[in-house]
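Residue strings, one per chain:
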Amino acid sequence: MLEIFQYDFMIRAFIAGTITGVIAPIVGSFLVVRRLSLMAETLAHVSLLGVAIGLFAGVQPVFTATATAVLASLGIEKIRTGKKIFGESALALFFSGSLAVASILISLSNGFRSSLFSFLFGSVTTVTQTDLILIAVLAFVIIAAVFLTYKELFLVSFDEELAQTGGINARLINLILVILAAITVSLSIRIVGILLIGALMIIPVVTAVQLAKSFKQVLGYSIAASLLSVISGLFTSYYFDLPSGGTIVCIALGLFLISLIVSKIRE
């Protein structure tokens, strides 16, 4: 079974997958508590626009996807806090708008490319050394940011008004959260794919919620569920010649069903 590690591209995929398996549920936990689960899905579609821009312009798609997602996250938060448009409406604007522009760029670049397909559904063979370095550096930034602002993120996520009363700049913390979500989404598309990264950020967290008794347990259990899904998914996709993204998310869904059963038994 360990013959899989004879190939450099699989080693890179496992390293990138492990990093993704850690950062996705960390950021996803705050999004779930903040009731912004659809933010991950919206930013994933914005990342598709970034990938399309990269392919059209001949630039590394991961760079353009990250930049586009971060800019969109700032725009979403600006509109959402403007009080004139509901949060769900702001997400819908960017969700549909980015998809529309991406479809035009894809059409102008001679249609649906195989490279674009790998971004949509994930492909372990496409993780390059440059991707790996970028993923590692930005993952360190994400973990450091969460560590340094954990208390503020926790309070704002659970009760924004109480956090503001305590002197916390809730607007700044919300901006930090959506930027971290944008970076996480853009870094994860190589492994899981644009269409499925939202699921990897949310499903392990929802799984953990069924079993955990505190927020710290939610973080720990969701990381464990995410890593189990990613690592077993990569093994399964390699030996059965299946898409890595779909396999990972299916395993995550299976773990969620198990957590529901365990939760019912506990009750």
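Counting restarts for each chain: residues are numbered from 1 in the order of the written sequence. Reporting of local features is limited, given that this is a predicted model, to residues whose pLDDT is at least 70; pairs of side-chain atoms are given and counted only at 80 or more, and all residues count toward the totals for whole chains, interfaces and linings. Side-chain metrics rest on all non-hydrogen atoms present in the structure, leaving aside hydrogens and water.

Caption draft 1: Region of interest: the layout of surface pockets. Any residue with an atom within 4 Å of a point lines the site, the site being either a cavity, points on a 1 Å grid over the protein atoms alone where a 1.4 Å probe fits but cannot get out, or a pocket, an open set with protein on both sides within 12 Å along at least 5 of 7 lines. Grid points are joined across faces, edges and corners, and a volume is the space filled by probe spheres set on the points. Taken as a whole, the second largest pocket holds about 270 Å³ of empty space. Along the walls of the second largest pocket sit 13 residues, with Arg 34, Arg 35, Leu 36, Arg 80 and Glu 88 positioned nearest its centre. Numbering goes from the N terminus for both helices and strands, where a helix is a DSSP run of H or I of at least four residues and a strand is a run of E of at least two. Contributions of two or more residues to the lining of the second largest pocket are made by helix 2 (37-57), helix 4 (87-108) and helix 7 (150-158). Residue polarity follows a fixed list, in which Ala, Val, Leu, Ile, Met, Phe, Trp, Tyr, Cys and Pro are nonpolar, Asp, Glu, Lys and Arg are charged, and the others, Gly among them, are polar. Grouping the constituent residues of the lining of the second largest pocket by class yields six nonpolar, three polar and four charged.

Caption draft 2: Up close: a nonpolar patch on the surface. A contiguous nonpolar surface patch, about 390 Å² in accessible area, is contributed by Ile 133, Val 137, Phe 140 and Val 141. By secondary structure assignment, the location of Val 137 is in helix 6 (residues 129-148). To sort residues, take the accessible area from a 1.4 Å probe on protein chains only and compare it with the maximum for the residue type: under 20% means buried, over 50% means exposed, and anything in between is partly exposed. Note on Val 137: relative accessible area 46%, which makes it partly exposed. The patch calculation keeps residues exceeding 30% relative accessible area without a salt bridge and links them within 9 Å when they carry like charges or within 5 Å when they are nonpolar (Val, Leu, Ile, Met, Phe, Trp, Tyr). In short, Shrake-Rupley with a 1.4 Å probe defines the accessible areas, and a residue's cover is counted only from the protein chains shown. Whenever Lys or Arg places a side-chain nitrogen within 4 Å of a carboxyl oxygen from Asp or Glu, that contact is recorded as a salt bridge.

Caption draft 3: Representation of the environment of Leu 31. Within the secondary structure, Leu 31 sits in helix 1 (residues 8-33). Owing to a relative accessible area of 0%, Leu 31 belongs among the buried residues under this scheme. For the pair Leu 31 and Phe 215, spaced 184 residues apart in sequence, the C-alpha to C-alpha distance is 13 Å. Contacts between residues were defined by any pair of non-hydrogen atoms, one from each residue, lying within 4.5 Å. Setting aside anything within four residues of it in sequence, one finds Leu 31 in contact with Leu 36, Ser 37, Met 39, Ala 40, Leu 177, Ala 181 and Met 201.

Caption draft 4: Expanded view of the pattern of salt bridges. Counted by the stated rule, this structure contains one salt bridge. Note that Arg 34 and Glu 160 form a salt bridge whose closest N and O atoms lie 2.1 Å from each other. Here Arg 34 is found in the loop between helix 1 and helix 2, whereas its partner Glu 160 is found in helix 8 (residues 160-165), with 126 residues between them in sequence.

Caption draft 5: Looking closely at helix 6. An ideal rise of 1.5 Å per residue puts 28 Å on 20 residues; helix 6 measures up with 29 Å between its terminal C-alpha atoms. Among the residues of helix 6, those classed as buried are Asp 131, Leu 132, Leu 134, Ile 135, Leu 138, Ala 139, Ile 142, Ala 145 and Val 146. Down the axis of helix 6, the smallest arc covering the buried residues is 160 degrees, so these residues share one side. Of the residues in helix 6, the exposed ones pointing more than 90 degrees away from the buried face are Ile 133, Phe 140, Phe 147 and Leu 148. Buried residues along helix 6 sit against helix 1, helix 3 (61-80), helix 7 and helix 9 (170-188). By definition here, a helix of n residues has an expected span of 1.5 Å times n minus one. The arc in question is the one traced by the directions running from the helix axis out to the C-beta atoms.

Caption draft 6: Spatial organisation of the confidence of the model for the protein. For every residue, the predictor states its confidence as a pLDDT score lying anywhere from 0 to 100. Of the residues in the protein, 94% reach a pLDDT of 70 or more, and the chain-wide mean stands at 85. Predicted confidence in the protein is weakest over helix 5 (residues 114-121), with a mean pLDDT of 70, and strongest over helix 11 (residues 215-239), with 93.

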